[in-house]
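# Chain and residue survey
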Amino acid sequence: AIFQCPPSSIRELELQLENAFELRFGRRVDTIVRGATSFKRLVRENPFPKESERDGARTIVRIMPHPPNKDVLAALRPYATQAERVKIVGSDLWVHFKGDPNRSSLLRVLASKRLGIGTMRNWNTVRRLGAMLDDVPG
């Protein structure tokens, strides 16, 4: 979601959204907020730009609030059995799938809680969200 709000700290905004979700739906859900500047940087720093332009559904980013453990790449390597490539950029994990992501063991591991709080989006979605921010300062 993209929205405009009065200035506040990112963590404060995350807590407000988590509390509102819990009040409305009766369940607490971890929320990750990125400011426009941070999200634009995420778009610019895609480590697989050529591959993403060819097929945006085969490049995904796992957006996380904190950088992953330094050992995460080694832990993911056994699941990358279809020539997937994984890179850490800032606090996010980027993956390019040579084949169909839905057939990859790596995708299931990325979606699990074992990597901590995070959400995945493919390049098509990230690119569209970034385009919505073109007129936003930052």
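So, a few notes on the structure that sits alongside this text.

The rules behind each value
Note that residues are indexed from 1 along each chain, following the sequence as it is written. Only residues with pLDDT of at least 70 are given local features in this predicted model, and only at 80 or more are side-chain atom pairs given and counted; all residues enter the totals for whole chains, interfaces and linings. Water and hydrogen atoms play no part in the side-chain values, which are based on all heavy atoms of the structure. Segments assigned H or I by DSSP are reported as helices when at least four residues long, segments assigned E as strands when at least two residues long, and all are numbered from the N terminus. Whenever a nitrogen or oxygen atom comes within 3.5 Å of another N or O atom, the pair is scored as a polar contact, on the condition that within protein one atom can donate a hydrogen and the other can accept it, and that pairs from neighbouring residues in sequence are kept only if both atoms are in side chains. Working rule for contacts: check all heavy atoms of both residues, and any pair within 4.5 Å makes them a contact. Each salt bridge in this description consists of a side-chain nitrogen of Lys or Arg and a carboxyl oxygen of Asp or Glu lying within 4 Å of one another. Think of it in three bands: residues with accessible area under 20% of the maximum for their type are buried, residues over 50% are exposed, and the middle band is partly exposed, with areas taken using a 1.4 Å probe on protein chains only. Each Phe, Tyr or Trp ring (for Trp, its six-membered ring) is paired with any other whose centre lies within 6.5 Å, and the angle between the two planes then decides the class: stacked below 30 degrees, edge-to-face above 60, tilted in between. Pairs of strands are assigned from DSSP output, requiring at least two bridges between the strands.

### Observations concerning the side chain of Ser91
Relative to the helices and strands, Ser91 is located in the loop between β2 (85-89) and β3 (92-96). In this structure the side chain of Ser91 is engaged in a polar contact, spanning 3.0 Å, whose partner is the backbone oxygen of Met64. Non-local contacts of Ser91, meaning those with residues more than four positions away in its chain, are made with Arg34, Met64, Pro65, His66, Pro67 and Pro68.

### Quick look at the pattern of salt bridges
Scanning the model with the defined rule gives eight salt bridges in all. In this structure, Glu18 engages Arg11 in a salt bridge whose closest nitrogen and oxygen atoms are separated by 3.7 Å. The partner of Asp92 in a salt bridge is Arg34, and the shortest N-O contact between them spans 2.7 Å. With Asp92 in strand β3 and Arg34 in the loop between α1 (10-25) and α2 (36-44), this pair connects stretches of sequence that are 58 residues apart. Judged by its relative accessible area of 22%, Arg34 is partly exposed. One connected set of salt bridges, linked through shared partners, spans Arg11, Glu14, Glu18, Glu22 and Arg28.

### Focus on the packing of aromatic side chains
Each aromatic ring pair is described using two quantities: the centre-to-centre distance and the angle formed by the ring planes. Scanning the entire structure with this criterion turns up two aromatic pairs. On the numbers, 4.6 Å between centres and 40 degrees between planes, the contact of Phe21 with Phe25 is tilted. On the criterion of helical spacing, the pair formed by Phe21 and Phe25 is a turn pair, its members being four residues apart in helix α1. On the accessibility criterion, Phe21 (33% relative accessible area) is partly exposed.

### What about the pairing of β3?
Among the five residues in β3, five count as buried, and that is most of the element. Along β3, one buried face is formed by Asp92, Trp94 and His96 and the opposite face, lined by Leu93 and Val95, is buried too. Inspection of the sheet shows strand β1 (residues 59-63) paired to β3 by four bridges, in the antiparallel sense. By the bridge assignment, Arg62 is partnered in β3 with Leu93. Bridge count between β2 and β3: five bridges; the pairing is antiparallel.

### Considerations on the environment of Gly35
Residue position: Gly35 is located in the loop between α1 and α2. Note: C-alpha distance between Gly35 and Ile2 (33 residues apart in sequence) is 9.5 Å.

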